[in-house]
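Tertiary structure, described
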Amino acid sequence: MIKPFLEQAARDESVYLTDVRAAFQAEGTRPFHLHVTLYDRSVRVCPLRLPETAGEEEARFAAEYVYATVYNLLSALGGLRVDVYLDPSDRETVQLAESLEQVFQLALPKRARTGYGTCLNVNERVLSALSGGRERFAFGVHSLEEEPSVQPPGAAEGQPVFARLPARTAGRMVLGMDVGGTDVKLAVSVDGRLALCKEFDWLPSACTRAEEITGPLLLLARLLRAAGSLCRAGREGELDWAALDRRATLAEMERGAEAMERRVGDSLRGFDAIGLCFPDVVIQNRIVGGETPKTRGLRDNPELDYEAEFSKLTALTQGLAAYAAEGGPVLNINDGPMAAFTAAVEQAAAGGDLSRGFFAHSLGTDLGTGWVRADGSIPEMPLEVYNFIIDLGSWGQRRFPPEDVRSVCSVNTGLPGALQKYGGQSAVFRLAARQVPKTLQEGLDRGLFRREGDLLLVPTQPEDRRKECLEFFMERAAAGQPECEKIFRTVGEYLAVTWRETDFILQPDAKDRTLFGRFVKRPACFRLLCEGAARREPELRQYAAGSDLANTALMKQLDAHPDYTVAQFAQAVGAVYYACLGLDS
């Protein structure tokens, strides 16, 4: 059973984890049942089956399959513990279960962990936030005879609030912030009117101190508070448009904020509410992940105590509260759930059926994932789907270091086959380098790619060329260039594998997927994504976050804006509505 997978991997082809699981579950004879105790002490059961293995290579492959499955479960769900129930007479599976503590580096301190162990760093920070440090994660190994029966999770209770949120913007000034890996997008609602949009390009992964990340975000809030106050006073003619321009520097924005604060005088007022999404694990409004590429510069700074420095990011909402009115809520979630939340609000405004909740992906620097239950609740879990391991093959592409665009290894963890290299802009760069040598050479000539020794990179310094590079291939795919069309169909195939894996791990009622971000800005590229996905999963339905999701007043205004698009700013507007959760009707 395993030999064909090994041959496929040796040919440098993808061996999807979901295909391996389907084969193992159908023909495997050795029980390896996983019980994951979640933060709320409910238990998720995954009754895996493993096949007999012939030789060391097959045993290693089966072990990698188990490690990847456990890693995906912990990356998405987190948990208090993982217990394995098996046949104690099967020494190979017993040794495999007992190896989990070492492979996931349970005994090591956070800074010493690599690979699979990084998901425990996130999990420990979440446990610390939820329990005040009283809980510690553990693995357990037990006989199959000791396996307890577990009740399936119950349906979520409560009434959806989505349709009621737009009305809460009336008479109020609300800020929405969509913090990404290459830019920050902001939207200001004044009395239910989309008064301002602002974009700011940045590169948080290059920041070596927390203040270099929090400082620009706080300055943006200050800038938009002053500008919003002028709009609220009916004095738009006094806005400093140079400071509000996307290309404005930090110094120009600070001068603009000071100038507008002087102009508005006593009419300066704080936001009634601030909503934001941040590209990291967020639990109870606090940034608690700390293992994403966005904080890589902090992690790699030898002069810092990373945990102490990262805690300054955890307190971001407290800093933003200085720009809110007294008692005004500052609500923060991950960018993935914000995408799902945004879709839910817009669908509710159109009278859509919310009975199954919403599930969305944002395709950008990485692949963000969001899940909102039918009752409007957002599960308190890491949901780091972009860290999922989906490919146990592509062995030739494993030899490149993670920072090389040709690599299938995560920049964050170093683990091969990580969705980070399959679901975001990195997938396009990797496939282009692998499949389109002529267009790649044109990209090199234009400076969109750069060789540094043996590495092939998309430059981020002195100028970040990633957006431009992505647009380069999107334009050619939209123009019908076959090699570039193939790139986006292949990314669509990866999204279909992601759909199957998220369905296994999370078991959401929502089966459709709504896609946000630059990838879906061009209808032709979105069509190619859907075509690629349909090759593997014909029943998967994907929807682009465009004008069809512009149903609330703010989103309709965005759709009609001459300079901005729904695909780009939808989550900033969604963050406005998310902030309204903290306001009275």
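Okay, so let's go over this structure. For clarity, every value in this text was computed on a predicted model and none was experimentally measured.

1. Points about the overall build of the chain
Along the chain, the regular secondary structure elements total 21 helices and 17 strands. Taking the principal axes of the C-alpha coordinates as reference, the chain spans close to 80 × 55 × 55 Å. Buried positions account for 61% of the 585 residues belonging to the chain. Restricting to contacts in the chain with at least 6 residues of sequence separation, those with at least 24 account for 70%. When the 67 basic and 81 acidic side-chain charges of the chain are each reduced to a single mean position, those positions are 3 Å apart.

2. A few points about the pattern of salt bridges
A full pass over the atoms with the stated rule returns 49 salt bridges. Measuring nitrogen to oxygen at the nearest pair gives 2.6 Å for the salt bridge that ties Glu 307 to Arg 125. Placement of Glu 307 in helix α11 (residues 306-314) and of Arg 125 in helix α6 (residues 118-131) is noted, with a sequence separation of 182 residues between them. For Arg 125, a relative accessible area of 8% puts it in the buried group. Residue Lys 185 is joined to Glu 199 by a salt bridge in which the shortest nitrogen-to-oxygen separation is 3.9 Å.

3. As for the sheet that holds strand β5 (residues 173-179)
Here five strands make up an open sheet; going across it, the order is β7-β6-β5-β8-β11 and the pairing mixed. In this open sheet, the two strands that pair with only one neighbour each are β7 (193-201) and β11 (330-334). Averaged over neighbouring strand pairs, the angle between their axes works out to 15° when direction is ignored. As paired strands, strand β6 (residues 183-190) and β7 are joined by eight bridges and run antiparallel to one another. Paired with Val 184 across the strands is Phe 200, a residue of β7.

4. Observations concerning the pairing of strand β12 (residues 358-363)
The element β12 is largely enclosed, with a buried count of six among its six residues. The two faces of β12 match: Phe 358, Ala 360 and Ser 362 on one face and Phe 359, His 361 and Leu 363 on the other face are all buried. Two elements, β12 and strand β13 (residues 367-372), share six bridges in a ladder whose sense is antiparallel. Across the sheet, Ser 362 pairs through a bridge with Gly 368, a residue of β13. What sits between the antiparallel neighbours β12 and β13 is a turn of three residues. As judged from the three bridges shared by β12 and strand β16 (residues 513-516), these two strands associate in the parallel manner. Residue pairing for β16: Ala 360 is matched across the bridge by Thr 514.

5. Concerning helix α2 (residues 17-27)
What α2 keeps buried is the set Leu 17, Thr 18, Val 20, Arg 21, Ala 23 and Phe 24. Where α2 is buried, its residues meet α1 (3-10), β2 (43-50), α3 (56-77), α18 (482-506) and α19 (523-536).

6. With respect to the environment of Gly 228
Positionally, Gly 228 belongs in helix α7 (residues 210-232). For the pair Gly 228 and Ser 189, spaced 39 residues apart in sequence, the C-alpha to C-alpha distance is 8.1 Å. Aside from chain neighbours lying at most four places away, what touches Gly 228 is Met 173, Val 188, Val 190 and Leu 196.

7. Considering empty space enclosed by the protein
The tally for this structure, following the rule as stated, stands at three cavities of 30 Å³ or more. For the largest cavity, the lining is made up of 37 residues, of which Gly 180, Asp 335, Ser 362, Gly 364 and Thr 365 are closest to its centre. For the lining of the largest cavity, the secondary structure elements donating two or more residues are β5, β6, β12, β13, α17 (466-478) and α21 (566-579). Of the residues in the lining of the largest cavity, the class split is 13 nonpolar, 14 polar and 10 charged.

8. Let's talk about the sheet that holds strand β1 (residues 30-37)
One open sheet accounts for four strands, arranged β2-β1-β3-β4; its pairing is mixed. Of all the strands in the sheet, the pair left with one neighbour each is β2 and β4 (138-143). When strand polarity is set aside, the average angle formed by the axes of neighbouring strands in this sheet is 20°. Pairing of strand β3 (residues 81-86) with β4 involves six bridges; the strand directions are parallel. What sits directly across from Arg 81, in β4, is Ala 138. Across the face of the sheet, helix α4 (residues 91-98) comes into contact with β1, β2, β3 and β4 while running at roughly 25° to β1.

9. Things to note about unusual backbone geometry
Both trends apply: most residues other than glycine have a negative phi, and most peptide bonds are in trans. Omega for the peptide link from Gln 461 to Pro 462 comes to 0°, which places this bond in the cis form. Along the chain, the position of Pro 462 falls in the loop between β15 (455-457) and α17. Although it is not a glycine, Asn 285 adopts a positive phi angle of roughly 70°. Taking relative accessible area as the criterion, Asn 285 reaches 24% and is therefore assigned partly exposed.

10. Details of the nonpolar core
If you look at the biggest cluster of nonpolar residues, it comprises 105 residues, and the most contacted ones within it are Phe 32, Phe 104, Phe 449, Phe 473 and Phe 488. Broken down by element, this core gets its largest block of residues, 12 residues, from α3. Within the second largest apolar cluster, 48 residues are counted, among which are Leu 175, Ala 243, Phe 278 and Phe 310.

11. Things to note about the pairing of strand β8 (residues 273-278)
Every other side chain in a regular strand lies on the same face of the sheet, so the side chains alternate between the two faces. Where burial is concerned, most of β8 is hidden: six out of the six residues are buried. Where burial is concerned, the two faces of β8 agree: the one with Ala 273, Gly 275 and Cys 277 and the one with Ile 274, Leu 276 and Phe 278 are both buried. Where β5 and β8 come together, five bridges link them in parallel fashion. Each bridged residue has a counterpart across the sheet, and for Asp 178 the counterpart in β8 is Cys 277.

12. Overview of the packing of aromatic side chains
This model, assessed by the stated rule, comprises 18 aromatic pairs. When the centroid spacing of 6.5 Å and the interplanar angle of 75° are considered together, the rings of Tyr 16 and Tyr 494 count as edge-to-face. Here Tyr 16, found in the loop between α1 and α2, pairs with Tyr 494, found in helix α18; they are 478 residues apart in sequence, far enough to count as distant. Every member of this aromatic cluster is reached through a ring pair, and the members are Tyr 67, Tyr 71, Phe 104, Tyr 116, Phe 137 and Phe 139. The residue whose ring lies beneath Arg 21 is Phe 504, and the NZ or CZ to ring-centre distance is 3.9 Å. A cation sits over an aromatic face here: Arg 125 above Phe 310, 5.5 Å from the ring centre.

Cut-offs used in this document
Residues numbered from 1 in each chain as written. Predicted model: local features only at pLDDT ≥ 70, side-chain atom pairs only at ≥ 80, totals over all residues. Heavy atoms only, no water. Helix = DSSP H or I, 4+ residues; strand = E, 2+ residues; numbered from the N terminus. Buried < 20%, exposed > 50% of the residue type's maximum accessible area, 1.4 Å probe, protein only. Contact = heavy atoms within 4.5 Å. Lys, Arg positive; Asp, Glu negative; His and termini not counted. Charge placed at Lys NZ, Arg CZ, Asp CG, Glu CD. Salt bridge = Lys/Arg side-chain N within 4 Å of Asp/Glu carboxyl O. Pairing = 2+ DSSP bridges. Axes fitted to C-alpha atoms, helices over the stretch in contact; angles between N-to-C directions. 1 Å grid on protein atoms, 1.4 Å probe; cavity = no way out; pocket = protein on both sides within 12 Å on 5 of 7 lines; lining within 4 Å. Points joined across faces, edges and corners; volume = space filled by probe spheres on them. Nonpolar A, V, L, I, M, F, W, Y, C, P; charged D, E, K, R; others polar. Core = buried A, V, L, I, M, F, W, Y, C linked by side-chain atoms within 4.5 Å. Phe/Tyr/Trp six-rings, centres within 6.5 Å; stacked < 30°, edge-to-face > 60°. Lys NZ or Arg CZ within 6 Å of the ring centre and 35° of its normal.

Such coordinate-based values are descriptive only and should not be taken to indicate function.
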